[in-house]
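Below, each chain spelled out in residue letters.
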Amino acid sequence: MPLPLWISALITVSAIAAPVDFVREVRPIFEKHCYECHSEKKQKSGLRLDIKSEAFKGGDNHAPDIIAGKAKDSPLIHFITTDDEDELMPPKGKLSSSEIETLTAWINEGAAWPDGVDTAKLEDKRDHWSFKPLPRSGGILPPQRGQDGPAPATIDAFIEAKLKENGLTMSPEADPVSWLRRVTFDLTGLPPTPEEMDAFLKSKNHDAVVERLLASPRYGERWAQHWLDVVRYADTHGFEVNTERPNAWPYRDYVIKAFNNDTPYDRFIKEQLVGDAMGQDAATGFLVTASVLLPGQIGKDDQSKRLARQDSIDEIVVNIGQTFLGLSIGCARCHDHKFDPITAKDYYAMQAFVAGVEYGDRDLRTPEAEAARAEAKRLQPRLAEIDKELARFVPLVKSGAERPMLNARENADRFAPTKAKRVRFTIKATNNLEPCIDELEVFNTRGENVALATAGTQRKSGGDIGVAERHELRFINDGRYGNGRSWMAKENGKGWVELEFTQEQTIERVVWGRDREGKFTDRLAIDYQIEIGDSAGQWQTIADASDRRKFDPKDKKQAKPTLNGLSADEAKRAKPLVQEKADIETKIKAAENAQKVFAGTFRTPDDIHLLNRGDPEQPKEPVVPAVLSALGDWKLAKETPEQKRRQSLADWIASPQNPLTARVMVNRIWQGHFGTGLVPTPSDFGRMGMKASHPELLDWLAAEFVRSGWSVKHMHRLIVLSAAYRRSSRMGDLQSPSAVENRRSLDIDSESRYLWRFPSRRLEAESIRDSMLAVSGQLNVKMHGRGFNLFDQRGGLSGFDPIETFTPDNQRRMIYAHKVRREPETVFGAFDCPDAGQSTAIRRASTTPIQALNLFNSRFTLAQAEAFAARVKKEMGEDSTKQITRAYQLALSREPTRDELAEAQPIVRQHGIAPLCRALFNSNEFLFIP
């Protein structure tokens, strides 16, 4: 918008006016009209006008606002002179003409702003406790009041000093039962068995208990869940389509094994960033745990592709920043971080470290994966032989023999060997809706499927419905079965698809199906024809549906392969081949699943530029890989290879000199035991994060962590064997002296941040479920491998129905469930179980009616209560007193009181032990860490 004529004239003549003095003439205008929104307390639009450096830097959307010597081009002048009421500044009360004249002249004269005249001082964002090096010493505490000399540094010494400082009195030690339940839940996520409780009550050996729990495979399962919450692990991609990631689970297993093996934390970091160079392929699953748009979900134009690529790299940078460094680096994507010393250039320099990472599967290079590849290769020839043998039992088309009824799972059309360059499959009618084919296979006389895309076969169609990552033309010959990778025509009841081979083939069989996995029977072609074209371009029909038995939706056998149309002798000979084929295909599928991992693929890095406001369409100067400028000056050359970039980043993060890495991790460990970290914002150690309750203790623990060789288990030992951890959580008898002290302490520190008592908390969702299974005797402790299903589908748009038939496989620990992103588990999702949509560094505990309803009336609870009752009766016989006692021992690690026994007796005698078992599952004593 052009400036008013009088302003233009003013700009023209301002050069001959007297020089404008900033202090006497300009700053008063800023103070009167601008400081309210653009000074120390508030910087709207990112603009600050009370400090020289910030004023010349400018705001977020229009920097720089002051262009020395060019008032006409300066946004500041535009905003104070515009006729647009939405843009005019200040919003209330336009500047006077003389004030505008002064500012215009000042800018045209060069915007002289003397140094040293600012009335405010710019705060150094780097001057923050978390960015400072860990203290080298710290083995002793300074003397406290009334203390003769310094005390050795221990967890309890730091805690006691803080209690004295705040006038707090510590609670007495917890009883042995409470401590054992507490430490067993904390380290394994499961309750102690009655036998473990008896052994501890006899020995009172706390050290032995801790060593036993840390050596248990259940420990890795428990603590891996904490880590997976932070990195937002899931088995689907997310967004609207939410397609399955069938090979994500090896990363989950890697994390479990790393905790069980006490992999040094510095190595744990490096493996997750550059495990492909360290013999840990699955570990780099960390880089790609977040949601991502798949190719079919991204617009075809280059602009959409560039934005999607930016979003995918951003997720990696965000994950690295919040997980390892406890920093919100992603806030600097569009502009310099508002609070932390992270510039936009820092952000893009971090992007450059991972600019060669793509979301995708890659081959696992482990002994198990190599064995699986060898097994699949060994089985393939036999599968081809079986297909060739079975082909003899499929009646030839137009032979006069009755051919099998069309079915949704698999149909074969066999004909005399014929030369073909292309094959066209035309659908004329379906049982309903648009036709769908999950795989179109064409076999030559050697039994080879020549239709595969990997053989170079091209495809085209008469039109596709095009649902990204589910129904696409490219799935028609990708060698994978099932509705999740199928082709769907765009017209209701009809469509065609054509395959063209790289060279002429002698073919004798076409095999196709709606859904080889047998889940769907709709959209089945019930009238079709198959044509072949030779090299000369001549077409002929070789098969159609005319001699098949018509599809019957009421025939329950139609969805399974049949031997219909064969004589009794042929069926007898074919039946074992069909069974052998099914067995081999199952083995091959299992072997293929063991060969891949969704852990990223790596290529030549993109050229990374600083982007104006984070817009890929507004690139500015190029940047090279470099660490955050506030924490170092480590940078790499533009030519640095992809893997070397990630290696360098990992070395910097895992360095003992990095001030954040050890602090962040020991805080996460502390939070896992006390419910709240020493820093209550575990993924934000920046200036907007909360201050540490015990800063000296945090630094001492971090230094000890590094000194121990980054041993996570060493930190567990220090914490759970401390007196602070062994304190009671109870308030005590209201009339007792200790209760009076506790009430006083409660008034001072209601949340027990200073740990005058142990802060009890509810178990997490997974531990509630797993504990119910453990107590009922139904817990399957099988570890690792592909996740079990919580729902009837493993990904998709919507409509996830829970699986409520309980088998050994789905009674494994909940960490082994196939996790559908943004789809909470039906029963335990109500207990604040994260859905992996965002990083969950802290599980907020809510209390809702749905929790009580789910835990009392769900099929899962009813089934486990019955199993619990069956276990008790099997172990104790029909004696109701013994049954009640055993139930309390298993669920609550104690015997019932006299009153509890008396209350339970009539119910158990009348209704059996199952109602009591269900009531125990719903008790606070079962659901809370004592």
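This text goes with the structure placed above it.
First, a word on what this report is: a plain description of the structure on this page. (Residues numbered from 1 in each chain as written. Predicted model: local features only at pLDDT ≥ 70, side-chain atom pairs only at ≥ 80, totals over all residues. Heavy atoms only, no water.)

Notes on the overall build of the protein chain
Heads up, the condition is: Working definition: helices are DSSP H or I runs of at least four residues, strands are E runs of at least two. Numbering for both runs from the N terminus. Accessibility here uses a 1.4 Å probe with only protein chains present; expressed as a share of the type maximum, an area under 20% marks a residue as buried, one over 50% as exposed, and anything in between as partly exposed. Any two residues having at least one pair of non-hydrogen atoms within 4.5 Å are treated as being in contact. Each accessible area is a Shrake-Rupley estimate made with a 1.4 Å probe; only the visible protein chains count as cover when residues are assessed.
What the protein chain contains, in helices and strands, is 28 helices and 18 strands. Seen along its three principal axes, the alpha-carbon backbone of the protein chain occupies a region of about 105 × 90 × 45 Å. Taking all 930 residues of the protein chain together, 52% fall into the buried category. If you take every contact in the protein chain between residues at least 6 apart in sequence, the share linking residues at least 24 apart comes to 73%. When the accessible surface of the protein chain is split by element, carbon and sulfur atoms take 51% of a total near 41800 Å².

Structural notes on the pairing of strand 10 (residues 495-513)
For the record, the criterion: By this definition, two strands are paired if DSSP reports at least two bridges between them.
Bridge count for strand 5 (residues 411-430) against strand 10 is 13 bridges, and the pairing is antiparallel. Counted as the bridge partner of Ala412 is Val511 from strand 10. Pairing analysis gives six bridges linking strand 7 (residues 439-444) to strand 10, with the strands arranged antiparallel. By the bridge assignment, Glu441 is partnered in strand 10 with Val511.

Concerning the pattern of salt bridges
The cut-off we apply is this: The working definition used for a salt bridge is a side-chain nitrogen of Lys or Arg within 4 Å of a carboxyl oxygen of Asp or Glu.
Taken as a whole and judged by the stated rule, the model has 71 salt bridges. Note that Arg48 and Asp50 form a salt bridge whose closest N and O atoms lie 2.6 Å from each other. Of the two residues, Arg48 and Asp50, both sit in the buried class. When the shortest N-O distance is used, the salt bridge between Glu472 and Arg474 registers 3.0 Å.

Quick notes on unusual backbone geometry
Cis geometry marks the peptide bond from Ala63 to Pro64; its omega dihedral reads -10°. Its location among the elements puts Pro64 in the loop between helix 3 (52-57) and helix 4 (75-81). Cis geometry is adopted by the peptide bond preceding Pro90, which originates at Met89 and carries an omega value of -5°. For Pro90, the location among the structural elements is in the loop between helix 4 and helix 5 (97-108). Unlike most non-glycine residues, Phe239 shows phi in positive territory, near 60°. Relative to the assigned elements, Phe239 resides in the loop between helix 10 (217-231) and helix 11 (249-260). Note on Phe239: relative accessible area 35%, which makes it partly exposed. Not every positive phi belongs to a glycine, and Leu755 is a case in point at roughly 60°. Within the secondary structure layout, Leu755 lies in the loop between helix 21 (737-748) and strand 17 (761-762).

Points about the packing of aromatic side chains
In plain terms, the rule: A pair of Phe, Tyr and Trp rings is counted when the ring centres sit within 6.5 Å of each other, with Trp represented by its six-membered ring. The angle between the planes then sorts it: under 30 degrees is stacked, over 60 is edge-to-face, the rest tilted. Geometrically, a charge over a ring is one whose NZ (Lys) or CZ (Arg) sits within 6 Å of the ring centre while staying within 35 degrees of the ring normal.
Here the structure, examined in full by the defined rule, presents 35 aromatic pairs. Arranged with centres 6.3 Å apart and planes meeting at 55°, the rings of Trp106 and Trp113 form a pair that is tilted. Accessibility expressed as a relative area gives 4% for Trp113, which makes it buried. Among the aromatic residues, those joined into a cluster by ring pairs are Trp227, Tyr233, Tyr251, Tyr254, Phe259, Tyr265, Phe268, Phe286, Phe324, Phe705 and Trp710. Positioned above the aromatic ring of Phe758, the side-chain terminus of Arg182 is 3.7 Å from the ring centre. In this structure, Arg424 packs its charged tip against the face of Trp496, placed 5.7 Å from the ring centre.

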